[in-house]
Structure formats: structure tokens, C-alpha cells
Amino acid sequence: MKDDLGGKSGFFGKPGSFGLSGSMKSNEWTTPTDVFDKLNKAYDFTLDPCCTKESALCEKFYTIEEDGLQQDWSKDVVFMNPPYGRGINKWIEKAYLESRMGAVVVCLIPARVDTRYWHDYIFPYARQITFLKGRLKFGGGGNAPFPSAIVEFKPHSRKQLWNEVKI
Ligand SMILES: C[S@@+](CC[C@H](N)C(=O)[O-])C[C@H]1O[C@@H](n2cnc3c(N)ncnc32)[C@H](O)[C@@H]1O
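Remember, it's a predicted structure, so these values are computed and weren't measured experimentally. (Residues numbered from 1 in each chain as written. Predicted model: local features only at pLDDT ≥ 70, side-chain atom pairs only at ≥ 80, totals over all residues.)

### Observations regarding the overall build of the chain
Along the chain, the regular secondary structure elements total five helices and six strands. Secondary structure of the chain in N-to-C order comes out as α-α-β-β-β-α-β-α-β-β-α. Out of the 167 residues in the chain, the part that is buried amounts to 29%. Once local pairs closer than 6 in sequence are excluded, the contacts in the chain between residues at least 24 apart make up 66%. (Helix = DSSP H or I, 4+ residues; strand = E, 2+ residues; numbered from the N terminus. Buried ≥ 20, exposed ≤ 12 C-beta atoms within 10 Å, placed from the backbone. Contact = placed C-beta atoms within 7 Å.)

See the structure below:
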């Protein structure tokens, strides 16, 4: 499968500033254990849709071989820390679409609030957005060079409910 970076560099789009190998590595950055544990206590996640066999956080998981983007998440409570390359928008769209089909999806993502995917899917449809104080230290990486947010999509998120109200 083609990588999420489309053969280019990741976060900032400028080869060398973060570096191809840096962004490729960042695709593999794992969730800090304390962050996952706190969220898992509240949600009891059933699916990690993007991981390796080694980094899977739930018993049910999909790696790049199964391609989590092509799978059905609708019966699951999903924890999603997606690959942070250029294809991250596809993961956010998938999280939103699966929440409409019944999934609860909690995403740990960069708080890049100027991006199209934040404006198209998160601001209008997320049930809850939490901006984290400071910078996370991901497993396999250093301190993140970006702020992070936790975004929750649930069936019947704000906009859907509002759209159902006929006045
Ligand atoms: C940021 S890491 C998160 C790993 C782990 N879920 C965690 O939170 O610690 C993103 C993972 O997604 C995997 N990945 C990339 N493309 C994928 C795809 N199409 N389907 C499933 N997993 C994929 C990468 O190999 C990487 O392990």
C-alpha cells in the first residue's frame, strides 16, 4: 500500500524541516500510556484501527495489512491515534462516518485547527474536543512539535441532532 505521505514529507510539507525519515517515524509514534489508560478507563475501547501488532492497544486491531480505513468500525468503541502524515484527513473522515454508523470514536490528533479536516469534520460534528496542555511525549518519538487534542465522535453528534430539530 502507498504510504500516507504520498512520497513527500509529513507535518509541515517541507522536506528537511522535519524530514522524511522524521515524519515516517512519526507515523509510528505510539500513544503515551498514561493518556491511553485514563481514556480507556472512561471508554473501555474495543478497537484500535491503526497500529502494528506490537503497538496494538486493543485486542481487536487493524494494521496496514488489513487497512483499517477499509474496515467496519460501526459496532466498536474506537481509540484512534492515526498516522500523522498527509493522509490524516482520511482517518478523520472515516472516524466521522463510522460514528454516523454507530461507532464511538475517540481520536488523539494534532491540534492543527487551521486544517480543512478540522473545519469539515471536527468543528461541525465532534461531540467533544479537549485541547491538551503542553506537548505530549509519544512513545518512539520525542516531545511532539505540535499541540494535541482529543476529539470524540459519537452517533448523533451536535450537528446531526440540531439538523433533526424541525422548527
Ligand atoms: C501513530 S501510530 C499509533 C499506534 C497505536 N495505535 C498507538 O496509538 O500507540 C499509527 C499506526 O497506524 C499504522 N497504519 C498506517 N496506515 C494504516 C492503515 N491503512 N491501516 C491500519 N494501520 C495503519 C502505522 O503503521 C502506525 O503503527
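Let's pick the thread back up.
### Regarding helix H3 (residues 88-100)
Each turn of an α-helix holds 3.6 residues, which means side chains three or four residues apart point in the same direction. Between its terminal C-alpha atoms H3 stretches 19 Å, which fits the 18 Å expected from 13 residues at 1.5 Å a residue. Along H3, the positions that sit buried rather than exposed are Ile 88, Trp 91, Ile 92, Lys 94, Ala 95, Tyr 96, Glu 98 and Ser 99. (Expected span 1.5 Å × (residues − 1).)

### Regarding the site of the ligand
In the vicinity of the ligand lie 20 residues, with Thr 30, Cys 50, Cys 51, Gly 68 and Asn 81 positioned nearest. Class assignment of the residues belonging to the shell around the ligand gives a composition of nine nonpolar, eight polar and three charged. (Near = placed C-beta within 6 Å. Nonpolar A, V, L, I, M, F, W, Y, C, P; charged D, E, K, R; others polar.)

### So, helix H2 (residues 33-43)
Across the 11 residues of H2, one count as buried, placing the element largely on the outside. Phi for Asp 44, located one or two positions after H2, is positive at around 55°.

### Focus: the environment of Cys 107
If you trace the backbone, Cys 107 turns up in strand E4 (residues 104-110). The spacing of Cys 107 and Ile 92 is 15 residues in sequence and 8.1 Å in space, taken between C-alpha atoms. Among all residues touching Cys 107, those that are not within four sequence positions of it are Met 80, Ile 92, Ala 95 and Val 151.

### Considerations on the packing of H3 against helix H4 (residues 116-125)
At a minimum axis distance of 9 Å, the contact between H3 and H4 shows a crossing angle of 20°. Classified by the angle between their axes, H3 and H4 sit roughly parallel to one another. Here the hand of the crossing between H3 and H4 comes out left-handed. The residues of H4 that touch H3, namely those facing Ile 88, Asn 89, Ile 92, Glu 93 and Tyr 96, are Arg 116, Tyr 117, Tyr 121, Ile 122 and Tyr 125. Here the residues of the contact of H3 with H4 sort into seven nonpolar, one polar and two charged. (Axes fitted to C-alpha atoms, helices over the stretch in contact; angles between N-to-C directions. Parallel < 35°, antiparallel > 145°, perpendicular 65-115°, else oblique. Left-handed = near helix turned anticlockwise from the far one by under 90°.)

### Notes on the pairing of strand E3 (residues 77-80)
Note: E3 against E4, four bridges, orientation parallel. From the neighbouring strand, Met 80 faces E4, where its bridge partner is Cys 107. (Pairing = 2+ DSSP bridges.)

### With respect to the pairing of E4
The element E4 is largely enclosed, with a buried count of six among its seven residues. In this fold, E3 hands off to H3, which returns the chain to E4; that crossover is right-handed. Note that E4 and strand E6 (residues 148-153) share six bridges and pair antiparallel. If you follow Val 105 over to E6, its bridge partner there is Phe 153. (Right-handed = clockwise from strand over helix to strand, strands pointing away.)

### Quick word on the environment of Ile 129
Within the secondary structure layout, Ile 129 lies in strand E5 (residues 128-131). C-alpha of Ile 129 to C-alpha of Ala 149: the two residues are 20 residues apart in sequence and 6.8 Å apart in space. Those residues within four positions of Ile 129 in sequence are excluded, and the remaining contacts are Ile 122, Ala 149 and Val 151.

### Details of the nonpolar core
Of all hydrophobic cores here, the largest spans 29 residues; its most connected members are Val 78, Met 80, Ile 92, Ala 95, Val 105 and Cys 107. If you list the elements that add at least two residues to this core, you get E3, H3, E4, H4 and E6. Among the elements that line this core, the one with the most residues is E4, at six residues. Setting aside residues up to four positions removed in sequence, Ile 92 forms contacts with Cys 107, Tyr 117, Tyr 121 and Ile 122. (Core = buried A, V, L, I, M, F, W, Y, C linked by C-beta atoms within 7 Å.)

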